[in-house]
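Chain residues, written in single-letter form:
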Amino acid sequence: MIRPFGWNEFELILFAVRWTIVLAVMAFVGGGIGGLIVALLRTSDSRVLRVATIAFIRVFQGTPLLMQLFLAYFGMTILGFSVNPLVAAMVALTAHASAYLGEIWRGCIEAVPSGQSEAATALGLRYFNRMRCVVLPQAARIAVPPTVGFLVQLLKETSLASIIGFVELTRQAQIIDSVTFRPFLVFSIVAAIYFAMCWPLSLAARRLERKFAQATAR
Amino acid sequence: MANSSMNGKTDTPRRDVDVAVRMEGVDKWYGTFQALKDITLTVAGGERIVICGPSGSGKSTLIRCINQLEVIQKGRITVDGIELSGRKNIDAIRHEVGMVFQQFNLFPHMTVLQNCMLAPMKVRRASRAEAEATARRYLERVHIPEQAEKYPAQLSGGQQQRVAIARALCMNPKVMLFDEPTSALDPEMVKEVLDTMIDLANEGMTMLVVTHEMNFARSVADRVIFMDRGEIVEMAPPEEFFNNPTHERTRAFLGQIS
Ligand SMILES: Nc1ncnc2c1ncn2[C@@H]1O[C@H](COP(=O)(O)OP(=O)(O)OP(=O)(O)O)[C@@H](O)[C@H]1O
Ligand SMILES: [Mg+2]
């Protein structure tokens, strides 16, 4: 039976956005914290830590997010936890985003001239303050564009979480499409909603970049 | 001046004051390449040492070992009686040793004032007001108090290097290390930086200066060191160093640069 596409259907799609947002926020926050840790370990003086971090990055960059979601989900049952898609999605998205953001931010940290860190060391600053006050603020300036690029991509990739049971934006659209048979209309709406979320991110990034640029070159 | 017959590698401080820096049998390797070979050097408090030598001879490496920007593989280094080993001592030594780099290495995201206040606040735990007062005092001494609110990129090279000197002085160091402080400067700015260093020398600061400014060496140095291939080849007071160097390699080098 074919259902007409009405306000009801539109609302269903719109409300499915909440899962997309929940998943994206989890991935951003988890990946932000994890990514910083990965970037710092990856640039540390300890060879053991560096190698271990490289292994982590290679594994999570070298396998599809879809598989990571699967494995996190079924891995939990094997380990004897009750099946919880939200926790599984959080684990997989955090690990995935940490690997990518970690590698992006490592590049930004390494782009800060070594003389900066040396000058801070010579002044007696220890690792924590050297990073916090000298290296990371400079790395952050160059990190904005690639970071936002990745976050926008990540937001769109959260649709993969439908594989473990989330009826988020894309999945809801597929469901509605299968009963209304209005694919062009349905997916146009979905595309518009994704765009409405990603566009402000890019705008904010550009403003941030401009602000940073002003702060140094006044 | 007890020791007027200094020649060659004599390593006696000219003044009878406490030892500021002592290096004994220091070896430094980068992988399989030996950058420092059996360096022994004693620098008295208040003494001014100029280090020169061809590119790659280990001048930077030598002074960077003193505050452990480079780790040595053999030998001993003490600064102001503190042995350079163990994290506590290394921190303590870095508090006593200021360093000025060829490329200035000012923090570009901070104003001149913030550059000068950072270490006193984070390392010495000075209050903001104290740190600011100290910073302004030293900026005054290097003759750029009016640039305090600017960012490094807005200053000339000479001004930036003077800020770098003020920044190091804000930590109230006992020893200052200079690694080719004027080499990255346009010729017309060299003098203002050298003058600042001469002021510092006149105030009695212990200084180790890597430089090819031989006029500075002549007028300021107590001893001049010539390094080649990781070794101290010659070490003598400037009159002796320039007028009758004992080593062939020194003579060749002096011939090249003059
Ligand atoms: N991080 C490093 N890794 C490997 N080799 C290095 C490193 N730093 C310096 N060296 C080598 O050690 C030697 C001494 O270097 P150093 O920088 O001390 O020379 P320098 O006398 O200061 O020369 P310059 O006048 O060019 O500054 C050089 O041959 C250099 O190639
Ligand atoms: Mg050098």
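Residues numbered from 1 in each chain as written. Chains lettered and ligands numbered in written order. Predicted model: local features only at pLDDT ≥ 70, side-chain atom pairs only at ≥ 80, totals over all residues. Heavy atoms only, no water.

### Observations concerning the site of ligand 1
All names here are of chain B. Residues in contact with ligand 1, as listed here, are Tyr30, Phe33, Ala35, Pro54, Ser55, Gly56, Ser57, Gly58, Lys59, Ser60, Thr61 and Glu180. One nitrogen or oxygen atom from the side chain of Lys59 is found 2.8 Å from an oxygen atom belonging to ligand 1. The contact in question runs from an oxygen atom of ligand 1 to an N or O atom on the side chain of Ser60, over 2.6 Å. Elements that contribute at least two residues to the shell around ligand 1 include exactly β2 (33-44) and α1 (59-66). (Near = heavy atom within 4 Å. Polar contact = N/O pair within 3.5 Å; in protein donor to acceptor, adjacent residues only side chain to side chain. Helix = DSSP H or I, 4+ residues; strand = E, 2+ residues; numbered from the N terminus.)

### Topic: the confidence of the model for chain B
Scored by pLDDT, chain B comes out at a mean of 92, with 93% of its residues at no less than 70. Among the prediction metrics, the complex's ipTM stands at 0.90, with pTM recorded as 0.89. (pLDDT = per-residue confidence, 0-100.)

### Brief notes about the sheet that holds strand β5 (residues 82-83) of chain B
Residues and elements named next belong to chain B. Pairing in this open sheet of four strands is antiparallel, and the strands run β2-β1-β4-β5 from one edge to the other. For this open sheet the edge positions go to β2 and β5, each flanked by a neighbour on one side alone. Bridging between strand β1 (residues 19-30) and strand β4 (residues 74-79) involves five bridges; their strand directions are antiparallel. Bridging across to β4, Arg22 finds its partner in Thr78. Sitting on the sheet, α1 touches β1, β2 and β4, and the angle it makes with β1 is about 120°. (Pairing = 2+ DSSP bridges. Contact = heavy atoms within 4.5 Å. Axes fitted to C-alpha atoms, helices over the stretch in contact; angles between N-to-C directions.)

### Quick look at the packing of helix α1 (residues 7-42) of chain A against helix α2 (residues 47-62) of chain A
Residue and element names in this part refer to chain A. Here α1 crosses α2 at 135°, and the two axes come no closer than 8 Å. Judged by the angle between their axes, α1 and α2 are oblique. Facing α1, whose interface residues are Val38, Leu41 and Arg42, α2 presents Leu49, Arg50, Thr53, Ile54, Phe56 and Ile57. Across the contact of α1 with α2, the residue classes break down as six nonpolar, one polar and two charged. (Parallel < 35°, antiparallel > 145°, perpendicular 65-115°, else oblique. Nonpolar A, V, L, I, M, F, W, Y, C, P; charged D, E, K, R; others polar.)

### Quick notes on the packing of aromatic side chains
Per the counting criterion, the structure on display carries nine aromatic pairs over all chains. Taken together, a centroid distance of 5.8 Å and an interplanar angle of 10° make the contact between Phe195 of chain A and Trp199 of chain A stacked. Of this pair, Phe195 of chain A and Trp199 of chain A both sit in helix α8 (residues 183-216), separated by four residues, roughly a single helical turn. Overall, the relative accessible area of 42% leaves Trp199 of chain A in the partly exposed class. Counting every residue linked through ring pairs, the aromatic cluster contains Phe70, Tyr73 and Phe74 of chain A. Taking NZ or CZ as reference, Lys28 of chain B lies 4.7 Å from the ring centre of Tyr30 of chain B, over its face. Positioned above the aromatic ring of Phe242 of chain B is the side chain of Arg218 of chain B, whose terminal nitrogen or guanidinium carbon lies 4.3 Å from the ring centre. (Phe/Tyr/Trp six-rings, centres within 6.5 Å; stacked < 30°, edge-to-face > 60°. Buried < 20%, exposed > 50% of the residue type's maximum accessible area, 1.4 Å probe, protein only. Lys NZ or Arg CZ within 6 Å of the ring centre and 35° of its normal.)

### Considerations on the confidence of the model for chain A
When pLDDT is averaged along chain A, the result is 92, and 98% of the positions lie at 70 or above. Looking across chain A, the model is least confident in α8 of chain A, with a mean pLDDT of 89, and most confident in helix α5 (residues 114-122) of chain A, with 97.

### Observations concerning the side chain of Thr61 of chain B
Residues and elements named next belong to chain B. Inspection of the secondary structure assignment puts Thr61 in helix α1. Side-chain polar atoms of Thr61 contact the side chain of Tyr30, separated by 3.4 Å. If near-sequence neighbours (up to four positions away) are discounted, Thr61 is found in contact with Lys28, Tyr30, Ala35 and Leu36.

### Details of the interface of chain A and chain B
Contacts between the two partners involve 21 residues from chain A, matched on the other side by 26 residues from chain B. Counting each side, the surface lost to burial between chain A and chain B is near 2,000 Å², with a carbon and sulfur contribution of 59%. Between Glu118 of chain A and Arg64 of chain B there is a salt bridge; the shortest N-O distance is 2.9 Å. Where chain A meets chain B, there are five residue pairs in polar contact (both at pLDDT 80 or more). Of all the secondary-structure elements, those providing two or more residues to the side of chain A that touches chain B are α5, α6 (127-157) and α8 of chain A. (Buried area = accessible area lost by both parts, 1.4 Å probe. Salt bridge = Lys/Arg side-chain N within 4 Å of Asp/Glu carboxyl O.)

### Concerning a nonpolar patch on the surface
Residues and elements named next belong to chain A. Among the surface-exposed residues, Ile21, Val25, Val29, Ile33 and Ile37 lie close enough to one another that they form a single nonpolar patch of about 440 Å² accessible area. In this fold, Ile33 is placed in helix α1. On the basis of relative accessibility, which here comes to 54%, the residue Ile33 falls in the exposed class. (Patch = residues over 30% accessible without salt bridge, like charges linked within 9 Å, V, L, I, M, F, W, Y side chains within 5 Å. Areas by Shrake-Rupley, 256 points an atom, 1.4 Å probe, with all protein chains shown as cover.)

### Quick word on α1 of chain B
Residue and element names in this part refer to chain B. The buried fraction of α1 is high, at seven of eight residues. Within the sequence span of α1, burial applies to Lys59, Thr61, Leu62, Ile63, Arg64, Cys65 and Ile66. Looking one or two places after α1, you find Gln68, whose phi comes out positive at around 55°.

### A short note on a positive patch on the surface
A surface patch of like charges, here positive, comprises Arg206, Arg207, Arg210 and Lys211 of chain A. Within the secondary structure, Arg206 of chain A sits in helix α8. (Lys, Arg positive; Asp, Glu negative; His and termini not counted. Charge placed at Lys NZ, Arg CZ, Asp CG, Glu CD.)

### A word on the nonpolar core
If you look at soluble globular proteins, the nonpolar side chains tend to sit buried side by side. Among the nonpolar cores identified, the biggest contains 73 residues, and Met23, Leu41, Ile51, Leu62 and Leu208 of chain B are the most heavily contacted of them. Core analysis: the next-biggest nonpolar cluster, separate from the first, contains 50 residues, Val112, Val142, Ala168 and Leu169 of chain B among them. (Core = buried A, V, L, I, M, F, W, Y, C linked by side-chain atoms within 4.5 Å.)

### Brief notes about the environment of His109 of chain B
Residue position: His109 of chain B is located in the loop between β6 (97-100) and α3 (112-122). Residue classification places His109 of chain B among the buried residues on the basis of a relative accessible area of 12%. Spatially, the C-alpha atoms of His109 of chain B and Glu96 of chain B are 26 Å apart, while their sequence positions differ by 13 residues. A polar contact is formed between the side chain of His109 of chain B and the backbone oxygen of Cys133 of chain A, at a distance of 2.8 Å.

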